[in-house]
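# Coordinate analysis (summary)
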Amino acid sequence: MFNQMSPDIAKITKFYNGLDKSVKDTKHGKKIKKNLDALSKPVATTTPIEIGTVAPEFSAPNPEGKMVSLKKSKGKVTIIDFWASWCKPCRQENPNMVALYKEFHAKGLNIVSVSLDEKADEWKKAIASDKLTWTHLSNLKDFEDPIALQYSVKLIPSIFIIDASGKVVAKDLRGAELKAKIAQLLG
């Protein structure tokens, strides 16, 4: 139920509350509770990133453990893509991102994927399996990832489109809308 594009938190909470305590105390039960708490808690420490604002700087380890920063993308149209290997809608969107990258990378498009995975091996396996050839970063902290918190990401996939000057020009576009926006920015 969490892997829907817009999870129904009230419905998930109702089902969770109906579970026996012995189920709630299992590894999976605790994970559901953690996800519910994360989605329900207000993001008081950060302000949502609005269109027109400069994208906040960040850095995190890539799959090889080397620290990489958003500064590396400075001067390019960049998609910041929040995803995870376990997120079905994210994985379904990956072929579209691959096609977009192939079409526009030579014209100046950059993609920085920020994974909310917790297990490095699953993250790396998904990158290889989905043939994602751009920059990948992760602190392996699920929704407690500092970059996700900084960008007020509570659901994935979440996408931020940054222009060459570093400003956020669009959020959460997919498919034809995303392609049209990238073509316009690189146009």
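Refer to the structure printed above.
First, a word on what this report is: a plain description of the structure on this page.

Criteria and thresholds
- Every chain is numbered independently, its residues counted from 1 as its sequence is written.
- Where totals are concerned, whole chains, interfaces and linings use all residues; where local detail is concerned, this predicted model gives features only for residues with pLDDT of at least 70, and gives and counts side-chain atom pairs only at 80 or more.
- With hydrogens and water stripped out, all remaining heavy atoms of the structure feed into the side-chain values.
- Put simply, DSSP marks the helices as runs of H or I at least four residues long and the strands as runs of E at least two long, and each gets a number from the N terminus on.
- The globule rule used for comparison is 2.2 Å times the number of residues to the exponent 0.38, while the radius of gyration itself is calculated over C-alpha atoms.
- Per-residue accessibility, obtained with a 1.4 Å probe over protein chains only, is compared with the maximum for each type, and a residue is labelled buried under 20%, exposed over 50%, and partly exposed between these values.
- Here, nonpolar core means buried Ala, Val, Leu, Ile, Met, Phe, Trp, Tyr and Cys residues that are tied together by side-chain atoms lying within 4.5 Å of each other.
- In what follows, a contact means two residues having at least one pair of non-hydrogen atoms within 4.5 Å.
- By definition, disulfides here are pairs of cysteine sulfur atoms that lie within 2.5 Å.
- Strand pairing requires that DSSP identify at least two bridges connecting the strands.
- Helix axes are fitted to C-alpha atoms over the stretch in contact, other axes to C-alpha atoms as well, and angles between N-to-C directions run from 0 to 180 degrees.
- Our angle categories are set so that under 35 degrees counts as roughly parallel, over 145 as roughly antiparallel, 65 to 115 as roughly perpendicular, and the remainder as oblique.
- Should the near helix be turned anticlockwise from the far one by less than a right angle, the crossing is termed left-handed; should it be turned clockwise, right-handed.
- Amino acids are sorted into nonpolar (Ala, Val, Leu, Ile, Met, Phe, Trp, Tyr, Cys and Pro), charged (Asp, Glu, Lys and Arg) and polar (every other residue, Gly among them).
- A side-chain nitrogen of Lys or Arg and a carboxyl oxygen of Asp or Glu constitute a salt bridge if their distance falls within 4 Å.

Counting its regular elements, the protein contains seven helices and seven strands. Reading the helices (α) and strands (β) of the protein from amino to carboxyl end gives α-α-α-β-β-β-α-β-α-β-α-β-β-α. For a compact globule of 187 residues, the expected C-alpha radius of gyration is about 16 Å, and the protein comes in at 17 Å, within 12% of that figure. Looking at the protein residue by residue over its 187 residues, the buried ones come to 43%.

Attention now moves to the nonpolar core. Ile-79, Phe-82 and Tyr-151 are the most contacted members of the largest nonpolar core, which totals 46 residues. Of all the secondary structure elements, the ones that give two or more residues to this core are strand E3 (77-83), helix H4 (88-104), strand E4 (109-115), helix H5 (120-129), helix H6 (146-150), strand E6 (158-162), strand E7 (168-171) and helix H7 (175-186). Counting residues per element, this core draws most heavily on H4, which supplies six residues. Once residues lying within four places of it in the same chain are set aside, the contact partners of Tyr-151 are Ile-49, Ala-55, Pro-56, Phe-58, Leu-70, Ile-80, Phe-82 and Phe-160.

Applying the stated rule across the entire model yields one disulfide. A sulfur-sulfur separation of 2.3 Å characterises the disulfide bridge that pairs Cys-87 with Cys-90. One quick way to see it: the torsion about the S-S bond of Cys-87 and Cys-90 is about 75 degrees, and its sign makes the bridge right-handed. The pair Cys-87 / Cys-90 is uniform in exposure class, with both members buried.

Time to look at unusual backbone geometry. Pro-157 follows Ile-156 through a cis peptide bond whose omega is 0 degrees. Here the phi dihedral of Lys-131 falls at roughly 60 degrees; this positive angle occurs in a residue that is not glycine. Within the fold, Lys-131 resides in the loop between H5 and strand E5 (135-137).

Strands sit in the order E5-E4-E3-E6-E7 across an open sheet of five strands; the sheet is mixed. What marks the edges here is a single partner per strand, and that holds for E5 and E7. On average, each strand axis in the sheet is tilted by 20 degrees relative to the strand beside it, whichever way the strands run. The pairing of E4 with E5 spans three bridges and is classified as parallel. By the bridge assignment for E5, Val-114 is matched with Leu-137. Across the sheet, H7 is in contact with E3, E4, E6 and E7; its angle to E3 comes to roughly 150 degrees.

Between H4 and H7, the shortest axis-to-axis distance is 11 Å and the interhelical angle comes to 20 degrees. The pairing of H4 with H7 is recorded here as roughly parallel in orientation. As for how H4 packs across H7, the hand of that crossing is right-handed. For the pair formed by H4 and H7, the contact residues are Glu-93, Met-97, Leu-100, Glu-103 and Phe-104 on the first element and Gly-175, Leu-178, Lys-179, Ile-182, Ala-183 and Leu-186 on the second. When grouped by side-chain class, the residues that make up the contact of H4 with H7 number seven nonpolar, one polar and three charged.

On to the pattern of salt bridges, then. For the structure on display, the rule yields seven salt bridges. Two residues, Lys-21 and Asp-25, come together in a salt bridge whose shortest N-O distance is 2.7 Å. Judged by its relative accessible area of 41%, Asp-25 is partly exposed. With a shortest N-O distance of 3.3 Å, Lys-34 and Glu-118 are connected by a salt bridge. With Lys-34 in helix H3 (residues 27-40) and Glu-118 in the loop between E4 and H5, this residue pair connects regions lying 84 residues apart in the sequence. Here Glu-118 falls in the partly exposed class, since its relative accessible area comes to 38%.

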